[in-house]
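# Fold and geometry: a report
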Amino acid sequence: MTLPAGWTARRPTLDDVPALLAVVHAADTFAIGHPDFDADDVRAALTAPFFDPRRDSWLLTDPDQRVVGWALVDNPTGVGREALDVFVDPHRAAALRATLLDRMLHRIAARAAERSLPALTVRATVCAPETRWADELTAAGFTRVKRYLRMSRSLADLPAEPPPPPGVTVRPLRAGDEADLRLFHRIHDTAFRDTPDYEPVGFAGWRDRLTDAGRVWDEWFVADVDGEPAGALNSSDQAVEQDMGWVRTLSVLPAHRRRGVGAALLRRAFAVYASKGRAHAGLGVDLANPTAPVTLYRSVGLRGTRWTDVYERSVPAAPA
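Residues numbered from 1 in each chain as written. Predicted model: local features only at pLDDT ≥ 70, side-chain atom pairs only at ≥ 80, totals over all residues. Heavy atoms only, no water.

As named in an unreviewed UniProt entry, the chain is Ribosomal protein S18 acetylase RimI, taken from Micromonospora rifamycinica.

Quick look at the overall build of the chain now. A tally of helices and strands in the chain yields eight helices and twelve strands. In summary, the chain has a C-alpha radius of gyration of 21 Å against a globular reference of 20 Å for 320 residues, a match within 12%. Its C-alpha atoms put the chain at 70 × 45 × 35 Å along the principal axes. The contacts in the chain between residues at least 6 apart in sequence include a share of 72% that link residues at least 24 apart. (Helix = DSSP H or I, 4+ residues; strand = E, 2+ residues; numbered from the N terminus. Rg over C-alpha atoms; globule rule 2.2 N^0.38 Å. Contact = heavy atoms within 4.5 Å.)

Counted under the stated rule, the structure contains nine aromatic pairs. Where Phe184 meets Trp206, the ring centres are 6.0 Å apart and the plane angle is 25°; that geometry is what we call stacked. In this pair, Phe184 sits in helix α5 (residues 178-191) while Trp206 sits in helix α6 (residues 203-208), placing the two residues 22 residues apart along the sequence. Accessibility expressed as a relative area gives 13% for Trp206, which makes it buried. Ring-pair connections join several aromatic residues into one group, and the members of that group are Phe184, Phe203, Trp206, Trp217 and Trp220. Directly above the aromatic system of Trp58 lies the positively charged group of Arg11, at a separation of 3.7 Å from the ring centroid. Above the ring of Trp58, the side-chain terminus of Arg103 is found at 4.6 Å from the ring centroid. (Phe/Tyr/Trp six-rings, centres within 6.5 Å; stacked < 30°, edge-to-face > 60°. Buried < 20%, exposed > 50% of the residue type's maximum accessible area, 1.4 Å probe, protein only. Lys NZ or Arg CZ within 6 Å of the ring centre and 35° of its normal.)

Below, the discussion takes up the packing of helix α1 (residues 17-32) against helix α2 (residues 39-46). Relative placement of two packed helices is described by the angle separating their axes and the distance separating the axes. Running from amino to carboxyl end, α1 crosses α2 at an angle of 110°, the nearest separation of the two axes being 9 Å. Here α2 runs roughly perpendicular to α1, going by the angle between their axes. Between α1, through Val17, Leu20 and Leu21, and α2, the contact on the second element is made entirely by Ala39, Val42, Arg43 and Leu46. The residue inventory of the contact of α1 with α2, partitioned by class, reads six nonpolar, no polar and one charged. (Axes fitted to C-alpha atoms, helices over the stretch in contact; angles between N-to-C directions. Parallel < 35°, antiparallel > 145°, perpendicular 65-115°, else oblique. Nonpolar A, V, L, I, M, F, W, Y, C, P; charged D, E, K, R; others polar.)

A separate point is unusual backbone geometry. The phi angle at Phe50 is positive, at roughly 60°, despite the residue not being glycine. Summarising the element assignment, Phe50 is placed in the loop between α2 and β2 (57-61). A positive phi is found at Arg258, a non-glycine position, where the angle reads about 65°. By relative accessible area, Arg258 is classed as exposed at 68%.

The next point concerns the pattern of salt bridges. Scanning all chains against the criterion turns up 32 salt bridges. In this structure, Arg268 and Glu161 form a salt bridge, with 2.7 Å as the shortest nitrogen-oxygen distance. Here Glu161 lies in the loop between β6 (143-154) and β7 (168-172) and Arg268 lies in helix α7 (residues 261-275), a separation of 107 residues in the sequence. Taking relative accessible area as the criterion, Arg268 reaches 22% and is therefore assigned partly exposed. The network of salt bridges with common partners includes Asp52, Arg54, Arg55, Asp56, Glu82, Arg107, Arg111, Glu114 and Arg115. (Salt bridge = Lys/Arg side-chain N within 4 Å of Asp/Glu carboxyl O.)

Right, let's get into the layout of surface pockets. The volume enclosed by the second largest pocket comes to roughly 180 Å³. Forming the boundary of the second largest pocket are Ala27, Phe30, Val88, Pro90, Ala94, Arg97, Pro129, Glu130, Thr131, Arg132, Trp133 and Glu136. Among the elements of the structure, α1 and α4 (131-139) are those that each provide at least two residues to the lining of the second largest pocket. If one sorts the elements of the lining of the second largest pocket by residue count, α4 sits on top with four residues. Taken together, the residues of the lining of the second largest pocket sort by class into seven nonpolar, one polar and four charged. (1 Å grid on protein atoms, 1.4 Å probe; cavity = no way out; pocket = protein on both sides within 12 Å on 5 of 7 lines; lining within 4 Å. Points joined across faces, edges and corners; volume = space filled by probe spheres on them.)

In this section: the side chain of Thr99. With respect to the element layout, Thr99 can be found in helix α3 (residues 97-114). When near neighbours in sequence (up to four residues on either side) are disregarded, Thr99 contacts Met1, Thr2 and Leu3.

Turning our attention to the sheet that holds β6. Sheet strands pair by backbone hydrogen bonding; their relative direction is either parallel or antiparallel. Read across the open sheet, the twelve strands follow the order β1-β2-β3-β4-β5-β12-β6-β11-β10-β9-β8-β7; overall the sheet is mixed. The outermost strands of the open sheet, each flanked by one partner alone, are β1 (8-10) and β7. Direction aside, the axes of adjacent strands within the sheet are offset by 25° on average. As paired elements, strand β5 (residues 119-127) and strand β12 (residues 303-316) share nine bridges and run antiparallel to each other. By the bridge assignment for β12, Thr121 is matched with Ser314. Relative to β5, α4 is tilted by about 160°, and along the sheet it contacts β4 (82-88), β5 and β12. (Pairing = 2+ DSSP bridges.)

A word on the domain arrangement of the chain. For the chain, the assigned domains are domain 1 (8-141) and domain 2 (151-308). Here the C-alpha centroids of domain 1 and domain 2 sit 29 Å apart. Contact residues are listed per partner, giving 15 residues for domain 1 and ten residues for domain 2. Here domain 1 packs against domain 2, burying approximately 1,000 Å² in sum over the two surfaces, 44% of which is carbon and sulfur. In this assembly, domain 1 and domain 2 are joined by one salt bridge. (Domains from an automatic or database assignment. Buried area = accessible area lost by both parts, 1.4 Å probe.)

Encoded structure:
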């Protein structure tokens, strides 16, 4: 698909970070009501593993040479599914999002060929206001496969943290202790094995990606039941600008589910967020998760605030 006269596409560089951030802020404000990226997030995307901005990304400028679009494909592990993002300024470049999508699908086909794979699965997300984007993905062969629900609760009325159930203890992660980090990873990896679409990552790869989670170590916790490891919770600083503590993952081993472990971990995290003066606590939940975590989350005061849909398609490898 060609661009209209005066519009150009080129590869982004780190010098473009401020302009790219402005595009992402405009896109996020339209989609979710507020900016959800900062400059460090943009830099991290441009320097991510298995990503080459000279091949895996496009920057779009309008006839006035303003940056109004940014597309990229992300795969931090180099295996499994690709994640596609196409950000556009909704007031300046909404009509050209499909053009950027087309370019990225060609690149994903090339990435499949480079990995000697017959095809690659790619996913993209759609928020409630992005009806045009949903239609464009559908027209390009994508199908909606799942929905994520964002949940939150006020911490202004947070009750005192109750004692955990008998036998359950919650403690902070010992971040400087590699054995404790390995324990945390083992709990997380084991607990998510029965979750649809989970892609395991070994300890070394998981540890290398910890910077992406915003390492707020005093907001990471491990739970035991009768002295045996049972659950883990890690937080992220991704919602600090919304004055919110954010639960990135909650993991409870199958043998210890329905025993109050998850609720104890969540209540400890909420108490820590509140002690720091945060106004809210939040998390995202995959509604396809068979462990039915929404019931648990509602039991600790969380309520749904918005949803995000995930669209998927298979992209055949480019011909040799």
